[in-house]
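The primary structure of each chain is shown beneath.
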Amino acid sequence: MSMQEKFSAWLVPVVLCTLCGPALAADGQAETIFTNGRIHTLNPEQPEAEALAIRAGVIIAVGDTDTITATAGPQTQRIDLGGKVVLPGFHDMHVHPLFAGVRQTECKIEQGSTLEQIQHEVQACIDRTDTGGWITGGQWDAHAIGQIPDRSMLDTISPKNPVLLSDTSGHSAWANSKALAIAGVTADTPDPEGGIIERDSGGEPTGILREAAIMLVRMHVPPHSYEALRAALEWSMNQMLSHGITSFTEASTGFVAGMTREVKLYADMADAGMVKQRVRLCLNWEPGNAELEAVIADRNLYARTNVATDCIKIFLDGVPTDSHTAAMLDPYARPMEGRSDDASRYGMLLVDQDVLNEAVTRFDRMGLTVKFHAAGDAAVRAGLNAFDAARTANGFSGQLHDVGHCTFVSREDLPRARALGVTFEVSPYLWSPSPINDDISKEVGDERTRRVWPVREMIEAGALVVPGSDWAVVPSVNPWIAVEALVTREEPGGSAKHFGKEQAVSLDQAIRLFTVNAAKHLGMADKVGRIEPGLLADLIVLDRDPYSIPVTELHQVRVEQTIINGTPVYQAK
Ligand SMILES: [Zn+2]
């Protein structure tokens, strides 16, 4: 090798490094140090620290300011936190980012709107749309409207434009007559498998569609363009970064734009460097779905370093609202108007237990993780039964499957999560001030509602518990609203009204759900979830210390900076 060749070989990496980011510090030295902060590490061996050092995206030291400053060299970037608080990055284990982003572009109706407000909003949307163009959006709630709405209430304002509006839960939709006509839904249309077309006394569709019946109409809505989907997802991921969410699980891949398009979208955006968070995609399952099977077969072609495609989402039931679609062990407290069938009294399990056991056992054997939607206690039990069947057939696979939502869980089923090595995922963002809760209390009754989302009992039973926002079912993806709800079970800021008060947990437990527990659930406890040497530098800097403010102010905590792998990905203005 000539002198010149030796020189070039040495020069090239140095030049590349200067171009691509902060200069690499000399061996052993930190690239970045944060000092003079209040760092809550969630590491029981060293719970508090003032400073930390990062090298190549990894936390290399945690300690007091003097010790950490000593690890710095001439090229080290030094950041004085000025007393600010640092926590590990937060995980959202159940979120619908594409849905949330697309919703921004649709007809937006504020949660809890009255019928008059909804009609006013829809009229404004019609005014902005061509005659005959689709009006889609949401959200409506039977409780806020004062009754279960019907198509005539939309027909009066929209005789020409088809309208399809989701309720807050996303498990029911409200169509006008034009939309039903385009979809060919008439008195003669049978209820689809796993869905209900609500009908009046004459057998005519009322316009209310439950669960799988929604697709009968939705499939006629023109698809979103690729550019629109990309913009929607980019917006949502940025929203999550601004709230300190460094890792999330897309809980319903395929719901908005079809599964192949959605996994491809994530892969493309990851290739373009637009996916900053650690992402897991849960693919919507239904028996015999050829598109799902094709995506499963190709899953590792779509997977990227930070996009996992190893999760299957299975809907076991609906929601315990006026729709009575959550599957309950005991009957609902109120009968449904005009109906007395078993489904209206107990809700409905969307999948037969045998079919479910077989599917879950197969996915478990393949190394895939299963996430259930299970709101009613009968659905939670069916989900646990399926995990039991998989463990019996396959032994412990190492995958931590989860039962999602867990709005109602029978006391008998609580110890099963730990025994089976599966996780309970809960939805604290939904607790307040969501109008869904008034519906739930009314339909399920006060007695069972006292134990709603039994987080305290779950933890006492030794279960691994993780949180999910279910955004855009809830209006904000801000986890601090959920942290406060976990601790107070009241509305943000405190209220006389409460929801499942006996199930409140401590602030430390609440924060652990979002960090330590979520990392364990993802099999990443050796990489993220705490702040300690050797772990990846996924960090959030906060504007105040959650541990030293009144719990009723937790919802006001703001994220000032979000850091993933040591790189700032969000900075508050
Ligand atoms: Zn969801």
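Note on numbering: residues in each chain are counted from 1, in written sequence order. Where local features are concerned, this predicted model is filtered to residues with pLDDT of at least 70; where side-chain atom pairs are given and counted, the filter is 80 or more; whole-chain, interface and lining totals use all residues. Hydrogens are left out, water is left out, and the side-chain values use all remaining heavy atoms of the structure.

## A few points about the sheet that holds strand S9 (residues 107-108)
Two strands in a sheet stick together by hydrogen bonds in their backbones, pointing the same way (parallel) or opposite ways (antiparallel). Spatially, the 6 strands line up as an open sheet ordered S9-S10-S11-S12-S14-S13, and their pairing is mixed. The two strands at the open ends of the sheet, each matched to only one other strand, are S9 and strand S13 (195-199). A pair of strands is labelled paired if DSSP reports no fewer than 2 bridges between them. Each helix corresponds to a stretch of at least 4 residues labelled H or I by DSSP, and each strand to a stretch of at least 2 residues labelled E; elements are numbered beginning at the N terminus. The pairing of S13 with strand S14 (residues 205-211) spans 4 bridges and is classified as antiparallel. Looking at S14, one finds that Ile 196 is bridged to Arg 210.

## Looking at empty space enclosed by the protein
Empty space among the atoms becomes visible once a probe the size of a water molecule is rolled across them. Detection works on a 1 Å grid of protein atoms alone, calling trapped sets that fit a 1.4 Å probe cavities and calling open sets with protein on both sides within 12 Å along at least five of seven lines pockets, with lining residues defined by an atom within 4 Å of a point. Grid points are joined across faces, edges and corners, and a volume is the space filled by probe spheres set on the points. For the coordinates displayed, the defined rule picks out 2 cavities of 30 Å³ or more. If you add up the space inside the largest cavity, you get close to 50 Å³. Lining the largest cavity are Trp 140, Asp 141, Ala 142, Asp 167, Thr 168, Ser 169, Thr 321, Asp 322, Ile 436 and Asp 439. Here the lining of the largest cavity is built from residues that sort into 3 nonpolar, 3 polar and 4 charged. Of the voids in this model, the second largest cavity is the one considered here, and its volume is about 30 Å³. Every residue along the wall of the second largest cavity is listed here: Met 93, Thr 249, Arg 280, Cys 311, Thr 369, Lys 371, Asp 402 and His 521. Polarity classes work like this: nonpolar for Ala, Val, Leu, Ile, Met, Phe, Trp, Tyr, Cys and Pro, charged for Asp, Glu, Lys and Arg, and polar for all others, with Gly in that last group.

## Some points on the layout of surface pockets
A volume near 590 Å³ is recorded for the second largest pocket. Around the second largest pocket sit 25 residues that line it, and Ile 148, Glu 198, Met 336, Glu 337 and Gly 338 are the ones nearest its centre. The residue inventory of the lining of the second largest pocket, partitioned by class, reads 7 nonpolar, 7 polar and 11 charged.

## A look at the nonpolar core
In plain words, nonpolar cores are sets of buried Ala, Val, Leu, Ile, Met, Phe, Trp, Tyr and Cys residues tied together by side-chain atoms within 4.5 Å. Categorising residues by exposure relies on relative accessible area from a 1.4 Å probe, with only protein chains included: less than 20% of the type maximum marks a residue as buried, more than 50% marks it as exposed, and the intermediate range marks it as partly exposed. By size, the foremost hydrophobic cluster in this structure holds 106 residues, and its most contacted members are Ile 314, Phe 372, Phe 424 and Trp 480. For this core, the element with the most residues is helix H15 (residues 377-394), which contributes 8 residues. Between two residues, a contact is recorded if the distance between any of their heavy atoms is within 4.5 Å. Excluding residues within four positions of it along the chain, Ile 314 makes contact with Trp 285, Val 351, Leu 356, Val 360, Phe 363, Val 370, Lys 371, Phe 372 and His 373. Core analysis: the second largest hydrophobic core is formed by 16 residues, Cys 107, Ile 118, Ile 145 and Leu 154 among them.

## Describing the sheet that holds strand S18 (residues 369-374)
Reading across the sheet, the 8 strands line up as S8-S15-S16-S17-S18-S19-S20-S21 and stay open at both edges, with parallel pairing between neighbours. Looking along the sheet, the strands with just one partner apiece sit at the ends: strand S8 (90-95) and strand S21 (464-467). Ignoring strand direction, the axes of neighbouring strands in this sheet form an average angle of 25°. Bridge count between strand S17 (residues 307-315) and S18: 5 bridges; the pairing is parallel. Bridge pairing in S18 links Lys 313 to Lys 371. Only the stretch in contact is used when fitting a helix axis, every axis being a line fitted to C-alpha atoms; angles between N-to-C directions are given from 0 to 180 degrees.

## Details of the coordination of the zinc ion
Those donors, His 94 (NE2), His 96 (NE2) and Asp 470 (OD), are the protein atoms that reach the zinc ion, and they lie 2.0 to 2.1 Å from it. Sequence spacing of the donors to the zinc ion: H-x1-H-x373-D. On the criterion of sequence distance, the pair formed by His 94 in strand S8 and Asp 470 in the loop between S21 and helix H20 (479-488) is long-range, its members being 376 residues apart. With relative accessibility at 1%, the residue His 94 sits in the buried group. Overall, Asp 470 belongs to the buried group, its relative accessible area being 7%. Coordination here is defined by N, O and S atoms within 2.8 Å of the metal (3.2 Å for Na, K and Ca), and since water is not considered, a site can look incomplete.

## Considerations on the pattern of salt bridges
Here a salt bridge means any side-chain nitrogen of Lys or Arg lying within 4 Å of a carboxyl oxygen belonging to Asp or Glu. Tallied over the entire structure, the rule returns 27 salt bridges. For Asp 310, the salt bridge goes to Arg 280, with nearest N and O atoms at 3.0 Å. Placement of Asp 310 in strand S17 and of Arg 280 in strand S16 (residues 278-284) is noted, with a sequence separation of 30 residues between them. According to the relative accessible area criterion, Arg 280 is buried, its value standing at 11%. For Asp 508, the salt bridge is made with Arg 512, and the minimal N-O distance between the two is 3.0 Å. With Asp 508 and Arg 512 both in helix H21 (residues 507-521) and 4 residues apart, this pair spans about one turn of that helix. Overall, Arg 512 belongs to the partly exposed group, its relative accessible area being 25%. In the salt-bridge network here, residues are joined through shared partners; they are Arg 381, Asp 388, Glu 412, Asp 413 and Arg 416.

## As for unusual backbone geometry
At the junction of Gly 138 and Gln 139, the peptide bond is cis and its omega measures out at 15° in the coordinates. Looking at where Gln 139 falls in the secondary structure, it is placed in strand S10 (residues 135-140). Trp 471 connects to Ala 472 through a cis peptide bond whose omega is 15°. Note on placement: Ala 472 falls in the loop between S21 and H20. Look at Ala 56: it is not a glycine, yet its phi comes out positive at around 50°. Residue placement: Ala 56 occurs in the loop between strand S4 (51-55) and strand S5 (58-63). In the Ramachandran plot, Arg 489 falls in the positive-phi region, its phi being about 60° despite a non-glycine side chain.

## Section: the environment of Val 360
With respect to the element layout, Val 360 can be found in helix H14 (residues 353-365). Separated by 236 residues in the primary sequence, Val 360 and Ala 124 have C-alpha atoms spaced 46 Å apart.

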